[in-house]
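# Coordinate inspection notes
What follows is each chain in one-letter form.
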Amino acid sequence: MHLIIAEKNIVANRIAQILAGKEKISQKKEGGVNLYQFGDIATIGLRGHVVEIDFVEGYTNWRSETHPPRSLIDAGVLKRPTEPAIVKLVQKLSKKADRVTIATDFDTEGELIGKEAFELVRAVNQKVKVDRARFSAITPEEINHAFSNASDIDFDLAAAGEARQIVDLLWGASLTRFISLAARRGGTNILSVGRVQSPTLAMIVDREREIESFIPEPYWELSLDTEKNGEAFSARHINGKFTDKEQADAAYAATKKPLKVTDVKEGTRADKAPTPFDTTGFIVAAARLGLSAANAMRIAEDLYMNGYISYPRTDNTIYPPSLNLESILDTLSKTQFKKEVEWVRKNRRKTPTQGKKSSTDHPPIHPAGVATPEQLGENWKVYELVVRRFLATLSPDAEWMTMKINLTASKEGYTSTGSRLKEAGWRTVYTYSDAKDSILPVVKPGEELPIKDVNLEEKQTQPPPRYSQSKLIQVMEELGLGTKSTRHEVIQKLVGRKYIEGNPLRPTLVGRAVTESLEGHASEITRPEMTSTLESAMEDIKVKKQSRDLVVTDSRVMLHKVFDALEPNSELIGREIMDQTDEELTIGPCPICGKDLRIRRKGVSQFIGCTGYPDCTFNISLPSSMWGGAVRTKAVCEIHNLNHISLIAKGSRPWEMGCPLCQLITQQKDIFAMIPSMTEKIREDLLSAKIYSAFELGKMDPDALMKAIGVTKKIAEQLIKDTLDVMALLKKRSECKKFMKQFVPPKRGRSHTKVMSSFTASGINSIDDLSKVCIEDLKKAGLSEEEANTLKAEAILLTSRNQLKEIGIPTTSLRKYQEAGFIGPEDLLGSHPAYISLKSGVSIDTVGKHVVLVAQALNKEQPVKITKKHLEKGREELLNLKGISEPVIEQLYCAGIIDLKSLSAANPEKAAKISGLSKDKIKQLKAAVPV
């Protein structure tokens, strides 16, 4: 029997399907494990590692006095089965086999998994022949070639993987145990430390500190607006950025007529086609589709195992000569990319693009099989990305026409640059980056142009940005942290441990606390040098420059030096971490129950909540973390004994909020003033009763309010009712402001708050108000004509959408109606159902049902019902008349003419006015109707 061992069940199944050809495959389960058999061949899939390394007995007790964390460094390791059923079946089949082929993934990890399988086989059968099949895609061509040219297991490559396994276990287990015990954390709340994850986390913490310590510096940019024959364009001052205000003002004042063209330079610029995908390049590109690194790799793995793309873990950016590019194009010509393939073949570059990295294990990621959107569902966009990237690497470079115009305004120099895409090249097939033309008018040296406006803008320097996942992976690769197979997993582990959050990535308090403590006592753990040294040593194992045991021994020596620095400071480290993770969040006593108030976060929301929850529900809202992360400062409020709060945001100075309770009371004073039945005495009584906000007041029981502030039940009930009315109004204003911010950008002297204040002064309190407002009222708030029209149109669109939803129009149909121009209920009732159906693509039966719903809701007359059969028959009648084409059908439907009968009965003058056809045309068509 020939036994084939694959890395996963799905791969075992695929291999069986390919090798069996037309032979029937028998599938059965033994002990819950799938086995595929045909002829004398059996295939079985592992679940990755079916054995794992662990410490020998005696090291499981974290609090053992005989085996403290440091003892793990020199502890013995052994292998334990993690999938006993799979191990049992592999060994059962191995006893009967006369050939065993290892068909695990072709990389370091796959070779180690293969070696583990080899050891399982050898444990029960010393004589059986064991060979190794290597492939980069699970396609018939690759699989048949791999099994026809099987070789031996690469034990050096496996040894490198084994060394990494052992080193990661020693570092991760010993340091995690030490830090967790020092900080008194256990169970699911442990503090993880790792050889790769700790320096990666430190990079994120370092970047956050850079952002927080960054002090913005002002600079000024000077530009002017001009035109030629009605074509407007702008030019920037040749100085670029002015860092001196006086110089900027002087240049601004000196910018005067005449504005003369001094030089015009035209040329071309090559826009090089992208290089093939390696793993990092793929992750970066997938991030632009909104995929996290882990999700991108998960989808790519799935596509690979199903034979749609090649192996996605590769460092190669150069197609090897052995890769049959023409065959891949043949495959793609059977997909919906047929036209793109034909274009590439007609315009193909002489040699494919090449990156700087080349390796001998796998080719760059490329398409391998035929797929459709229906087959792949959500995974389609990744398959399409791989296909389009492959086609782009075979496509010619794009070419841009460039123009640079140099000008002088009096003595001040200005320049303007433009470009136009001359040859789309690779951009024809790779549609993921915009190619926007910036066209300048034709001018000649010596020409004078008008100065329409001169703009002097004050700006501020910006701090370095936080890392996105894809950017972090790029930096990890540059620093030698992790491998192509593990970098995205390291990031996921940091997220899972709650050390980092958000996108882009920022450290949590606990992530920062662990990093800062390690930096203070054993900084080598958080720096990339030692990790990259170990990675380099593991690479040396692959080429026999070092042995597995020597690398593991060296890492143990390094780790002992780390513990020499850590152990004497165990208590200090624990206190530092605990202080920063718990105390840093505690701001003082709750004014209601006296327990601690702490800063809490949930997504972008943050607030101050009582640790006595749920018995005590007191809390104080804070601005969204988009405005800055809330941190406790050393200042303490003399009235409430609470630490002051500061909001720290990227690129801005800290926003000192002061005492959060004082801030709440001040904010609520204006809201209380809006409540009609509120008096100053009642407000003071509410504060004495520790009722600080309108929200708390609105949810109170009248009897409890009577008792708390000593008013009658009638007054209490009125207070609560008025408060709820004010809260509802404020909610509408908040929604209105949030909506307005999408379409009205802030400008100097025009903040969103100022615009909203102007709205409320004009009686605009809601989105519904915006949909009915006069444009002039919006312009009074500082909006331009275009902004005012856009805002009102969008408000009409949203209110109409909500109105139609309430009437019962489903979201899918609603979207189609509005995209076709039927914005609100009146549009649907005012248009003929046939015309609505034709323009929107919604079936006539569905349109009929929806129009009835609208008519009922508005208490209007319902239109005559039109069946699909009636409409199709009438359309056929009309198209048989001479002079009626598809565009004419649309115009006739608009006028309610859907068949010969309605055409005969139509009033030519009225129908012409509605349809856009001429009166004579209507008469001509009526005359053509057979009697």
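The sections below set out a description of the structure shown in this document. Just so it is clear, the model here is predicted, and its values are computed rather than measured.

Now for the overall build of the protein chain. Within the protein chain one finds 37 helices and 24 strands. Overall, the protein chain is about 95 × 85 × 75 Å in size when its C-alpha atoms are taken along their principal axes. Per-residue burial over the protein chain gives 47% buried out of 931 residues. On the protein chain, roughly 46200 Å² of surface is accessible, and the fraction owed to carbon and sulfur atoms is 49%.

For the rest of this paragraph, the subject is the sheet that holds strand β10 (residues 231-242). Pairing in this open sheet of seven strands is antiparallel, and the strands run β14-β11-β12-β13-β10-β9-β15 from one edge to the other. Each edge of the open sheet carries a strand with a single partner, namely β14 (448-449) and β15 (453-460). Sheet topology note: the strand β9 (residues 218-228)/β10 ladder contains eight bridges and is antiparallel. When the sheet's bridge partners are listed, lysine 228 is paired in β10 with glutamate 231. Contacts from helix α7 (residues 245-254) reach β9, β10, β12 (398-409), β13 (412-423) and β15, with the element oriented near 15° to β9.

Here we take up the pattern of salt bridges. Considering all chains together, one arrives at 58 salt bridges under this definition. As a salt-bridge pair, lysine 779 and glutamate 785 come within 2.7 Å of each other at their nearest N and O atoms. Using a relative accessible area of 29% as the deciding quantity, one classes lysine 779 as partly exposed. Here the residues in one salt-bridge network are Asp206, Arg209, Glu212, Arg512, Glu516, Glu519 and Arg527, joined through shared partners.

In this section: the packing of aromatic side chains. Any pair of aromatic rings gets described here by the distance separating the centres and the angle formed by the planes. Counting across every chain of the model gives 14 aromatic pairs. Judged by centre distance (6.0 Å) and plane angle (70°), the rings of phenylalanine 618 and tyrosine 692 are edge-to-face. Highlighted residues: phenylalanine 618 in the loop between β20 (605-610) and β21 (619-621) and tyrosine 692 in the loop between α21 (680-688) and α22 (694-698), separated in sequence by 74 residues. Residues phenylalanine 618 and tyrosine 692 agree in their burial class; the two are buried. Three or more aromatic residues joined by ring pairs make a cluster, and in this case those are Tyr308, Phe337, Trp380 and Tyr383.

Turning next to the pairing of strand β2 (residues 26-30). With five bridges joining them, β2 and strand β3 (residues 33-38) adopt antiparallel strand pairing. Looking across to β3, one finds that glutamine 27 is bridged to tyrosine 36. Linkage of β2 to β3, two consecutive antiparallel strands, is achieved through a turn of two residues, within which glycine 31 is found at a positive phi near 65°.

If you look at the biggest cluster of nonpolar residues, it comprises 117 residues, and the most contacted ones within it are Phe282 and Tyr383. Looking at this core element by element, the count peaks at eleven residues for helix α5 (residues 155-182). Each residue touching tyrosine 383, except ones within four places of it in the same chain, is listed here: Leu303, Tyr308, Ile309, Leu332, Thr335, Phe337, Gly369, Val370, Ala371 and Leu376.

Conventions adopted
- Residues numbered from 1 in each chain as written.
- Predicted model: local features only at pLDDT ≥ 70, side-chain atom pairs only at ≥ 80, totals over all residues.
- Heavy atoms only, no water.
- Helix = DSSP H or I, 4+ residues; strand = E, 2+ residues; numbered from the N terminus.
- Buried < 20%, exposed > 50% of the residue type's maximum accessible area, 1.4 Å probe, protein only.
- Areas by Shrake-Rupley, 256 points an atom, 1.4 Å probe, with all protein chains shown as cover.
- Pairing = 2+ DSSP bridges.
- Contact = heavy atoms within 4.5 Å.
- Axes fitted to C-alpha atoms, helices over the stretch in contact; angles between N-to-C directions.
- Salt bridge = Lys/Arg side-chain N within 4 Å of Asp/Glu carboxyl O.
- Phe/Tyr/Trp six-rings, centres within 6.5 Å; stacked < 30°, edge-to-face > 60°.
- Core = buried A, V, L, I, M, F, W, Y, C linked by side-chain atoms within 4.5 Å.

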